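Each chain, letter by letter, is given below.
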Amino acid sequence: MSQLFFGYFAGMIAMTSILVVALRNPVYSALSLLVMFFHVAGLFITLHAEFLAAVQIIVYCGAILVLYLFVVMLLNVKQDDRYHSQWRIAAIVCVPLVIEAIVLLAGGGGTMVSSRNAEPHDPVVTDNTLAIGQTLFSTYLFPFEVASLVLLVAMIGAIVLAKRDIGESDA
Amino acid sequence: MTEFGLRLAISLTQIAAVMGVVVVTVLILTLAERKVLGWMQDRMGPMEVGPYGILQPFADAIKLFFKEDIIPAGANKFLFTVAPILCLIPAFIGFAVIPWGPNQTFEVDGITVRPFVISDINIGILYILAFASLGAYGIILGGWASNSKYSLLGGLRSAAQIISYELNVGLSIVGVLILAGSLSLVKITEAQTGGFWNWYLFALPAPQIFAFVVYVISSVAETNRVPFDLPEAESELVAGFFTEYSGLRFAFFFLAEYANMVLVSCVAAALFLGGWNAPYPGTIMALIGLPSVAWVENTMWFAVKTYSFLFLFFWLRATLPRLRYDQLMRFGWKVMLPIALGNIVVTSLAVFFYQQMK
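Please read all numbers here as calculations on a predicted model, not as lab measurements.

Thresholds, definitions, all that
Residues numbered from 1 in each chain as written. Chains lettered and ligands numbered in written order. Predicted model: local features only at pLDDT ≥ 70, side-chain atom pairs only at ≥ 80, totals over all residues. Heavy atoms only, no water. Axes fitted to C-alpha atoms, helices over the stretch in contact; angles between N-to-C directions. Helix = DSSP H or I, 4+ residues; strand = E, 2+ residues; numbered from the N terminus. Parallel < 35°, antiparallel > 145°, perpendicular 65-115°, else oblique. Left-handed = near helix turned anticlockwise from the far one by under 90°. Contact = heavy atoms within 4.5 Å. Nonpolar A, V, L, I, M, F, W, Y, C, P; charged D, E, K, R; others polar. Buried < 20%, exposed > 50% of the residue type's maximum accessible area, 1.4 Å probe, protein only. 1 Å grid on protein atoms, 1.4 Å probe; cavity = no way out; pocket = protein on both sides within 12 Å on 5 of 7 lines; lining within 4 Å. Points joined across faces, edges and corners; volume = space filled by probe spheres on them. Salt bridge = Lys/Arg side-chain N within 4 Å of Asp/Glu carboxyl O.

### Remarks on the packing of helix H5 (residues 149–172) of chain B against helix H8 (residues 209–222) of chain B
All names here are of chain B. At their nearest, the axes of H5 and H8 sit 8 Å apart, and the two run at 155° to each other. Considering their axes alone, H5 and H8 lie roughly antiparallel with respect to each other. As H5 runs across H8, the sense of the crossing is left-handed. Along its contact with H5, which presents Gln-161, Ile-162, Tyr-165, Glu-166, Asn-168, Val-169 and Ser-172, the element H8 presents Ala-211, Val-214, Tyr-215, Ser-218, Ser-219, Ala-221 and Glu-222. Looking at the contact of H5 with H8 residue by residue, the classes come out as seven nonpolar, five polar and two charged.

### Some remarks on the packing of helix H1 (residues 2–40) of chain B against helix H12 (residues 294–319) of chain B
All names here are of chain B. Where H1 meets H12, the axes come as close as 10 Å, and the angle between the chain directions of the two elements is 45°. Considering the angle they form, H1 stands oblique to H12. Of the two possible hands of crossing, H1 and H12 adopt the one that is right-handed. Taking contact as the criterion, the partners of Thr-25, Ile-28, Leu-29, Ala-32, Glu-33, Val-36, Leu-37 and Met-40 in H1 are, on H12, Tyr-307, Leu-310, Phe-311, Phe-314, Trp-315, Arg-317 and Ala-318.

### As for unusual backbone geometry
Residues and elements named next belong to chain B. With a phi angle near 60°, Asp-42 is a residue other than glycine that sits in the positive phi range. When you line up the elements, Asp-42 lands in the loop between H1 and helix H2 (56–66). Relative accessible area serves as the criterion here: at 74%, Asp-42 is assigned to the exposed category.

### Overview of empty space enclosed by the protein
All names here are of chain B. Counting across every chain of the model gives three cavities of 30 Å³ or more. Counted as a void, the largest cavity has a volume near 320 Å³. Among the secondary structure elements, those contributing two or more residues to the lining of the largest cavity are helix H3 (77–93), helix H4 (124–145), H5, H8 and helix H10 (247–272). Here the lining of the largest cavity takes eight residues from H4, the largest share from any one element. For the lining of the largest cavity, the class distribution of residues is 20 nonpolar, four polar and three charged. Of the voids in this model, the second largest cavity is the one considered here, and its volume is about 50 Å³. Lining the second largest cavity are Tyr-215, Val-216, Ser-219, Val-220, Val-264, Ser-265, Ala-268, Phe-309, Leu-312 and Phe-313.

### Side note on the pattern of salt bridges
Residues and elements named next belong to chain B. Within the structure shown, the criterion is met by four salt bridges over all chains. Between Glu-33 and Arg-317 there is a salt bridge, and its shortest N-O distance comes to 2.8 Å. Separated by 284 residues along the polypeptide, Glu-33 in helix H1 and Arg-317 in helix H12 bring together distant segments of the chain. With relative accessibility at 2%, the residue Glu-33 sits in the buried group. Residue Arg-34 is joined to Asp-60 by a salt bridge in which the shortest nitrogen-to-oxygen separation is 3.4 Å. On the criterion of sequence distance, the pair formed by Arg-34 in helix H1 and Asp-60 in helix H2 is long-range, its members being 26 residues apart. Linked by salt bridges that have partners in common, Arg-324, Asp-326 and Arg-330 make up one network.

This is the structure we're talking about:
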């Protein structure tokens, strides 16, 4: 049963991810991204990580993708061919992906089994949200703080860039 | 397999019952809104259909059902069709985790049934927030697919508004979650039993009064109701995102808006006002020796709380003028957000010191 669900979610994720870059209409691309996020949340549910699934939908579907759609609709780029058929960049991106696939296929079997055996604790028993909170604020406190600092810097950077434009138009 | 079939039948019955209650509530609301607005403006409201106009909702429904369904030329047919459904489903799906009454169980053929909650999942409130945030897609896509500038502007406004105020809704309930220590609506409601002084609106050590005010204002904004109905501002945008919609598709948008109102009212009642708990300890039914029907009293209290909220929606509509767009944004980000964040800090500190003293 769980194999079946995993197959469905993984297949849909792969298909919709391809559609995101393959579709010509950017609004349809954004929508297939929405479907993909949904299926990623579904994958989290099959792993008993309900909190992550809910946060996935709230943050990615509810906030980030809405902003994407917002921008896409404002720009109204219906048939913008500038970004299509960029074969050189595609080739450069493909090289590391192919190498990664070869590495995974060659040596992936053994590590998969060992990691499944070495599962630290059963997430079903403990409260999922509680577990995430405790790990985040004890074991991974430093990376967590660093990540929030990086986000803060990005936010300030965005505001500085936007404000510079306003200053120029005023002057 | 029969056990599975029985479970399925029970779940489907519960879902059908909840859907029925919500749709009937929406029917009542459409009439109640016009009546209440009428009385507040010294009019009678609808009086023609049936005695005192009480059959008006059915007349409206029949009219919408038989209207011609127009898809404008140049509209994106697929998205134009999908948008109202995308708006309606998130509005209804959230009701699955609302506790309508006490968490009692009974057994049918060895299967435990919880009659007053369809599903008690441990991330209940996040589930509601997640699907509430998806309602924006219906509005944005409906606005875009109509291929009309008014619709597009309405949709874009709604996107910005829902993102801004959704954040405030999420932050304002964090205080309650800290006090309850759970995300499940059933557990949050159960933690508030025993009199109104245990409701999180008043409960020690950190009364959530400010959070409650932020929640109410933000949820009004999130449901696109007056005074935050900029996505459908008549004087500027004809009718906003549903300008081009007619017939049954328009009815879907309409139904979604009212179902959303009911949903945010239910959540407010469950989180801040003790849900199905009476404002006094226990129930009167249990006192007079009828504890088996105490659920009637409890569900009635839940209905009373929910309907008071819905009345507040109408009251606001009759009283307040629409905000300007920059006022809306400034209010959301510079007033509501700091209050919600401050409430989290104060609540955390209060709970921490309270536990230290114990």
